[in-house]
Amino acid sequence: MSTGKINFNAGPAALPPEVLQEAAAAVREYKNTGLSILELPHRGAEFLAIIAETKLLVKELCNLNDDYEVVWVHGGGRMVFAMLAMNYLTHNDTAGYIDSGHWAAEAIDYGRHYGQVSVLGSSRTTNYNQLPKLDLSADNNLKYLHITTNNTIYGTQYHHVPAFKSPLVADMSSDIFSCQRDYTQYDMFYAAAQKNLGTPGVALAVIKKDFLEKSFDNLPPILSLKAYVKENSVLNTANVSGIYTALLMLRWIKGKGIAAIEKDNQLKATLLYDALDNSKIFIPHVVVKEHRSDMNVCFTALDKNIEQALLTLCAENDIIGISGHRSVGGFRVSLYNAITVESVKKLVAIMTELEAGV
Ligand code: PMP
């Protein structure tokens, strides 16, 4: 199954054809139950088996032992921004944040609803075209330190996350399972599902047990990390089809292997960045090469005519989703795990053809 388009959207993003095919089959009927996945009871044995398998696979893919809990949270990335702050901060507590892009800044705003925020570094003044320089003098007595491993809108990524003293919490929404990583570095990490993990409205959160212990008890259950763990992510009517799609993605990721996925992702990004670095008509947004994202490649064109010409050529070739976010302009090409090397080669060929004609 394929939509016939090359979909470079930032999220909801392209899913592998095999996953779409299985998801479509499950919409018709899930595993001889006589029910569609869209009808499957959230407290039945089938769905509990789905949740159990996701937990095993997440731990396996991250190389984590039983010191960690895996939950599926409603509402996506922003819900976790809010839950993190409300589960750990009172007005007298301070959390550290790194302001590396739009989503990092939004996480900071959510944090400020509940506690004090210390910003350890920001690259806002250069329109986030690099990762921020950090001042770690405040990395003491912080309830947690929040980092965004990949900045979806500006196209920067932490390929190496420094060691911190405070409990480390990472938003990995746009690069989870895209590269090999030491997940034991994190006390908590989370990802909205709609990029590398399936469909919107649901987020994966993985929490170290001793960090979970420090979260508050007196919250409404649907916003409490402890309650999600205690109730096995089924506090109310869970997002059955969303979590099932995430399971299909996890199986697909395991089948390919993260090492192979990482290799492909690096190749895809290199193809595109090389084209940009050799171009006279396109300008990459991120100039510091070590800060460039393998997931979201952002660039502008020399003028509006070239910009329009690329959009037209892409439309003629069934390539969609390359417009940049309004805060950067130009283009953003998202190279999540489901994007093939061939798709990137096709885009690069079009850009090269355009360049030759200018
Ligand atoms: N964090 C990052 C890094 C993101 O890219 C996004 C969405 N693009 C979010 C958080 C917010 O996710 P959601 O829309 O699910 O709230």
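Conventions we followed
Residues numbered from 1 in each chain as written. Predicted model: local features only at pLDDT ≥ 70, side-chain atom pairs only at ≥ 80, totals over all residues. Heavy atoms only, no water. 1 Å grid on protein atoms, 1.4 Å probe; cavity = no way out; pocket = protein on both sides within 12 Å on 5 of 7 lines; lining within 4 Å. Points joined across faces, edges and corners; volume = space filled by probe spheres on them. Helix = DSSP H or I, 4+ residues; strand = E, 2+ residues; numbered from the N terminus. Nonpolar A, V, L, I, M, F, W, Y, C, P; charged D, E, K, R; others polar. Salt bridge = Lys/Arg side-chain N within 4 Å of Asp/Glu carboxyl O. Buried < 20%, exposed > 50% of the residue type's maximum accessible area, 1.4 Å probe, protein only. Pairing = 2+ DSSP bridges.

**Student:** Mind showing me how you'd approach empty space enclosed by the protein here?
**Tutor:** Take a probe with the size of a water molecule and roll it over the atoms, and the empty space left behind shows itself. For the structure shown, the criterion picks out two cavities of 30 Å³ or more. By volume, the largest cavity amounts to about 40 Å³. What lines the largest cavity is Trp72, Val73, His74, Val202, Ser233, Ala238, Asn239 and Ile243. Ranked by residues supplied to the lining of the largest cavity, first place goes to strand β2 (residues 68-74) with three residues. Of the residues that constitute the lining of the largest cavity, the class distribution is five nonpolar, three polar and no charged. Space inside the second largest cavity adds up to approximately 30 Å³. In this structure, the second largest cavity is lined by Gly101, His102, Trp103, Ala104, Thr148, Asn150, Asn151, Thr152, Ile153 and Tyr154. Ranked by the residues each element gives to the lining of the second largest cavity, the list is headed by helix α4 (residues 102-112), at three residues. Looking at the lining of the second largest cavity residue by residue, the classes come out as four nonpolar, six polar and no charged.

**Student:** Is there a simple way to explain the pattern of salt bridges in this structure?
**Tutor:** Under the defined criterion, the tally for this structure stands at 14 salt bridges. Here arginine 181 makes a salt bridge to aspartate 175, at a shortest N to O gap of 2.7 Å. For aspartate 175, a relative accessible area of 0% puts it in the buried group. Between lysine 304 and glutamate 307 there is a salt bridge, and its shortest N-O distance comes to 3.5 Å. Residue lysine 304 and its partner glutamate 307 are both found in helix α9 (residues 304-316); the two are separated by three residues, about one turn of the helix. Given a relative accessible area of 17%, glutamate 307 falls into the buried group.

**Student:** Explain the pairing of strand β8 (residues 168-171) to me, please; I cannot follow it from the model alone.
**Tutor:** Every other side chain in a regular strand lies on the same face of the sheet, so the side chains alternate between the two faces. Neither face of β8 is left uncovered, since the one carrying Leu168 and Ala170 and the one carrying Val169 and Asp171 both have all their residues buried. The pairing of strand β5 (residues 145-148) with β8 spans four bridges and is classified as parallel. By the bridge assignment for β8, histidine 146 is matched with valine 169. Where β8 lies against strand β9 (residues 188-192), three bridges are found, and the strand directions are parallel. When the bridges of β9 are listed, valine 169 appears paired with methionine 188.

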